[in-house]
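Structural characterization, general
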Amino acid sequence: MAASGDHKGWMGRVLKGWRMGWGRLWRTEAQPNLLSGSQAPLIQRVACQAHVTFPGGRDHSSALCGVACGSQEQIPPDFAENLSKLKILVAQVHAEDLCIAPRETTPKPLKPHLPRVTYMHICDTDGFSLSVFLLQRDARIPLHDHPGMHGVLKVLYGTIRISCMDQLEVGGDQCPGAESQLFQTPLQQEALRPAVFRSQAEYTEASGPCILTPHLDNLHQIEAVDGPAAFLDILAPPYNTDQGRECRYYRVLDPLRPKEASSSASDLPREVWLLETPKDADFWGEEEPYPGPKVLL
Ligand SMILES: [Fe+2]
């Protein structure tokens, strides 16, 4: 994720210097509890715990493979405990902690030039990014992946529906869409991926965090339900195209149809086929200023 406008220019340089040098020294040696102690703003404590849990320079994909494959040898011994602490802190975050007022449903349809999704950058390191996504009524973040990444998502207001999937190893199964005229080109056949549609659930401010890992619930689609919604988002490590963590978008051959959510959710998990696609032209967002407490790392 790119730095926010606040973090560009001289402020960006100040915060980078703080992060890399004297700020860390001051925090750890002179004022150890000011940033992460109980007196610190909740979002500051979340960031500090995220920094401990995801310090950067660690291959989280390999670490979580240990969980998936039954091997514990690559999992840092304190990772599960730190992640649990992070989840407890994140569960306490509400919109008012970030000085964000829940937005009312717009009585008239939004104008086409206004974004359906906006984004607030709070902070980022090599290990994680911390941000807020705000969705207008019925807005949708299309199905996308988080290669080699963890995610911790907490609703701040409104209701969001999250559909979670994972890609499966490519096998020799006949693609169910092969007979469809929609998927006859070699390019589209190459872009098909077998996957498992694991779950679909609705989250509110009262819900605990939704967690994704490199190998479980790694792909998701997020929709605002019955009004505007916002959620806090921790991604670890952040997207980074140079390091192979590029966000890719997909469509499901067995489409996700919200009106059938209750009936379709009852037969989950089930295998589906995904078609990797360019980002939808009608999905775009803009950054807006983060109004909450500044976070220092
Ligand atoms: Fe996501």
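What you see is a predicted model, and the numbers here were worked out from it, not measured in a lab.

Rules used in this analysis
Residues numbered from 1 in each chain as written. Predicted model: local features only at pLDDT ≥ 70, side-chain atom pairs only at ≥ 80, totals over all residues. Heavy atoms only, no water. Helix = DSSP H or I, 4+ residues; strand = E, 2+ residues; numbered from the N terminus. Expected span 1.5 Å × (residues − 1). Buried < 20%, exposed > 50% of the residue type's maximum accessible area, 1.4 Å probe, protein only. Arc of directions from axis to C-beta. Axes fitted to C-alpha atoms, helices over the stretch in contact; angles between N-to-C directions. Parallel < 35°, antiparallel > 145°, perpendicular 65-115°, else oblique. Left-handed = near helix turned anticlockwise from the far one by under 90°. Contact = heavy atoms within 4.5 Å. Nonpolar A, V, L, I, M, F, W, Y, C, P; charged D, E, K, R; others polar. Salt bridge = Lys/Arg side-chain N within 4 Å of Asp/Glu carboxyl O. pLDDT = per-residue confidence, 0-100. Donors = N, O, S within 2.8 Å, 3.2 Å for Na, K, Ca; no water.

Take helix α5 (residues 79–91) next. Owing to its 3.6 residues per turn, the α-helix aligns residues three or four sequence positions apart on the same side. The terminal C-alpha atoms of α5 lie 18 Å apart, and with 13 residues this matches the ideal 18 Å at 1.5 Å per residue to within 8%. Every buried residue of α5 is accounted for by F79, N82, L83, L86, L89 and V90. The arc enclosing the buried residues of α5, seen along the axis, measures out at 120 degrees, which places them on a common side. Residues A80 and I88 are exposed on α5 and point more than 90 degrees away from its buried face.

Okay, the packing of helix α3 (residues 42–53) against α5 next. Running from N to C, α3 and α5 cross one another at 165 degrees; their axes reach a closest spacing of 9 Å. Of the possible angle classes, the one that applies to α3 and α5 is roughly antiparallel. Handedness of the α3/α5 crossing: left-handed. From α3, L42, R45, V46, Q49, A50, V52 and T53 reach across to α5, where they touch F79, N82, L83, K85, L86, L89 and V90. Class assignment of the residues belonging to the contact of α3 with α5 gives a composition of nine nonpolar, three polar and two charged.

Let's shift gears to the pattern of salt bridges. Under the definition given, this model contains eleven salt bridges. Here D138 and R137 are joined by a salt bridge, their closest N and O atoms 3.9 Å apart. R137 gets classed as partly exposed once you look at its relative accessible area, which sits at 35%. Between D145 and R248 there is a salt bridge whose closest N-O contact spans 2.8 Å.

Here the protein chain averages 79 in pLDDT, and 68% of its residues register 70 or above. In the predicted structure, residues 1–30 sits below a pLDDT of 50 and forms 41 contacts with residues beyond four places in sequence or in another chain. Taken together, the stretch residues 259–263 has pLDDT below 50 and engages in three contacts with residues farther than four places along the chain or on a different chain.

With that settled, the discussion passes to unusual backbone geometry. Residues A236 and P237 are joined by a peptide bond in cis, for which omega reads -10 degrees. Inspection of the secondary structure assignment puts P237 in the loop between β7 (219–236) and β8 (249–252). Here the bond from L268 into P269 is cis, since omega is 0 degrees, no more than 30 degrees from zero. Non-glycine residue D138 carries a positive phi angle of around 65 degrees.

This brings us to the coordination of the iron ion. In this structure, H144 (NE2), H146 (NE2) and H220 (NE2) serve as the protein donors to the iron ion, at separations of 2.1 to 2.2 Å. Written as a sequence motif, the donor residues of the iron ion are H-x1-H-x73-H. Of this pair, H144 sits in strand β3 (residues 140–144) while H220 sits in strand β7; the two residues are 76 residues apart in sequence, bridging distant segments of the chain. Take H144: its relative accessible area is 7%, and that puts it in the buried class.

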